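Descriptive structure summary
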Amino acid sequence: EEIPPPSDKLAALSLPQEGAFSSPTVEKQRFTRHVRVKSILCRPDGGAGLAGQKVLIFGWVRTGRLQGKGSFAFLEVNDGSCPAYLQVMVDASLSDDLSKLIAKGTCVVVDGCLKLPPQGTKQKIELKVEEVVSVGTVDQVTYPFPKTKPSHDHLRKYLHLRARTNLIASVARIRNALAFATHSFFQSQSFLYVNTPIITTSDCEGAGEMFQVTTLIGATEKLERELMENPQPTEADVEAARVVVKERGEAVAELKSAKASEQDITASLAELANAKPGLRKKDGEVDYSPDFFGRQAFLSVSGLQLESYACALGSVYTFGPTFRAENSHTSRHLAEFWIVEPELALADLKEDMDCAEAYVRYMCTWMLDNCYDDLEVMAKNVDDGCIDRLKLVASTPFVRVTYTDAIELLKEAVAQGETFENQVEWGINLAFEHERYLTEVVFQKPVIVYNYPKGIKAFYMRVNDDGKTVAAMDVLVPKVGELIGGSQREERYAVLMNRLEEIGLPVEPYEWYLDLRRYGTAKHSGFGLGFERMVLFATGMDNIRDVIPFPRYPGRADL
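Being a predicted model, the structure only gives us computed values, none of them experimental.

A few words now on the overall build of the protein. Across its full length, the protein holds 16 helices and 18 strands. Relative to its 559 residues, the protein shows a buried fraction of 44%. Sequence-distant contacts in the protein: of pairs separated by 6 or more residues, those separated by 24 or more amount to 66%. Carbon and sulfur atoms form 52% of the exposed surface of the protein, whose accessible area is close to 28,700 Å².

Laid out in structure tokens, this is it:
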């Protein structure tokens, strides 16, 4: 009986090992019978060394054609494991109707023998089918993807099908590789992976553009529907309801005076809330005490809670979705996006920048080593400079410049005739055009801008000795602009309290954050990398909606 491998070896089963291509054997999936197209075609010999091997493969037909007056058919089949297609030859005797097999989008499962094609053909290996195991047919009249290349806008209408196209499939594999590289980098540096909450009661960035999480509206709508479906209450019904509310209010008061348990009082308050229809108000504002969490809650815009683990377990990181209710329709913004956020214990701003640079360069190297075939697809179809850009970042130390110096460089450019839509002056947020000018014109390489004005940065960033700037940094790269934003965190309790007051944020939601400074404070730093922007940078795609499987943006939340 075969003994399962240890868990730390499982990943190796799906990856070619060193020397694996030297032996004429086919790599099979551990949990299914089929052989991946990648393991056949992505060998140094293009699969020629596997001639004579019998395999079961499956995939979707990209192109198909009848030959020999309909006596056999050639199919180009792709299973999503790589950009390449395996040529499959099917004899008419194996199918009731070969025309059903050659339609674009048809899913086929076939068993056969790999053989060398005739000399002079571009294929190094092909599959001669011995059995057609199953066929998932396609109605060519209604199939949304024609034989011609569909536009990106057209593909966004069919999010559930667009991964079958060469382009989006390559983007998906590149995204997967970047996620793998992310975990590989931080795990190799002994960071602990921590899951931070998606639902929060804190406005981490102080921007206020957050999605609210509530059950109050649903409960109110349910009550309104019930009132519409049922007869209007009589005066007696209204009076009876008033009596119930009064009784339940008196019950709460009695429990409080008797110093009953918090659980009993909470339960009694819930009964009182249920007796009062509509959204309750308190001091003119919505009363959230009857809500699911008993207070106002939101979808998170940041993994701010990660700091609590960095202040207990050392360097940590999180990688997950964040949300922002920004009504932006640009090609660079999403309402739901993923962020990689490490937090470095005992690190200052310089060490934070060192880590950010090493991480970005690691990912670029990983892409070049592991995804070159997909990168070639992007270079051919989207951006012919994407591979050179990755090589540049992987091999070039980043320039580091203060925010003040960056503004001076931009002012000099304006004085020499350069025009920007956004005015250049100290205190502004650098616009996309400024970021690209610095990386593509001035330095022609990645740039880290640091020591920003405190007025344009979050409350938790450490105030510098000049009192005007904070120890914040942004990593800017060609084409994308800002890729990473980070800072040294403010570890001084008194300074942090002053920052909350300056910005006008309430203290109560951040008491836990202040506790980290009250009880054993320590220097620490961190940053956040916008994962979709990294995918944009790697692929050369122009619209961020095309590098996330199911984009959410104003007016659209399909599937």
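Still to come is the rest of the account.
Once their charged atoms are close, side chains differing in charge can pair, the charge on each being opposite to the other. By the definition in use, this model includes 28 salt bridges. The partner of aspartate 542 in a salt bridge is lysine 479, with the nearest N and O atoms 3.0 Å apart. Note that aspartate 542 is positioned in the segment after helix 16 (531–539) and lysine 479 in the loop between strand 16 (469–477) and strand 17 (481–488), a separation of 63 residues in sequence. The class of aspartate 542 is exposed, set by a relative accessible area of 58%. Of the residues examined, lysine 479 reaches a relative accessible area of 18% and is grouped as buried.

Spatial strand order, 7-11-8: three strands in an open sheet with antiparallel pairing. A strand with exactly one partner marks an edge of an open sheet, and here the two such strands are strand 7 (199–200) and strand 8 (212–213). Bridge count for strand 7 against strand 11 (residues 297–299) is two bridges, and the pairing is antiparallel. Note on strand 11: the bridge partner recorded for isoleucine 199 is leucine 299.

A few words now on the pairing of strand 1 (residues 54–67). In this structure, strand 1 lies alongside strand 4 (residues 107–115), joined through seven bridges in antiparallel fashion. Looking across to strand 4, one finds that tryptophan 60 is bridged to cysteine 107. Alignment of strand 1 against strand 2 (residues 72–78), held across seven bridges, turns out to be antiparallel. When the bridges of strand 2 are listed, valine 61 appears paired with valine 77. Following strand 1, the chain reverses through four residues before pairing antiparallel with strand 2; glycine 68 in that reversal takes a positive phi of roughly 55°.

Strand order in the closed barrel made by the five strands is 1-2-3-5-4, with mixed pairing throughout. On average, each strand axis in the sheet is tilted by 55° relative to the strand beside it, whichever way the strands run.

What counts as what
Residues numbered from 1 in each chain as written. Predicted model: local features only at pLDDT ≥ 70, side-chain atom pairs only at ≥ 80, totals over all residues. Heavy atoms only, no water. Helix = DSSP H or I, 4+ residues; strand = E, 2+ residues; numbered from the N terminus. Buried < 20%, exposed > 50% of the residue type's maximum accessible area, 1.4 Å probe, protein only. Contact = heavy atoms within 4.5 Å. Areas by Shrake-Rupley, 256 points an atom, 1.4 Å probe, with all protein chains shown as cover. Salt bridge = Lys/Arg side-chain N within 4 Å of Asp/Glu carboxyl O. Pairing = 2+ DSSP bridges. Axes fitted to C-alpha atoms, helices over the stretch in contact; angles between N-to-C directions.

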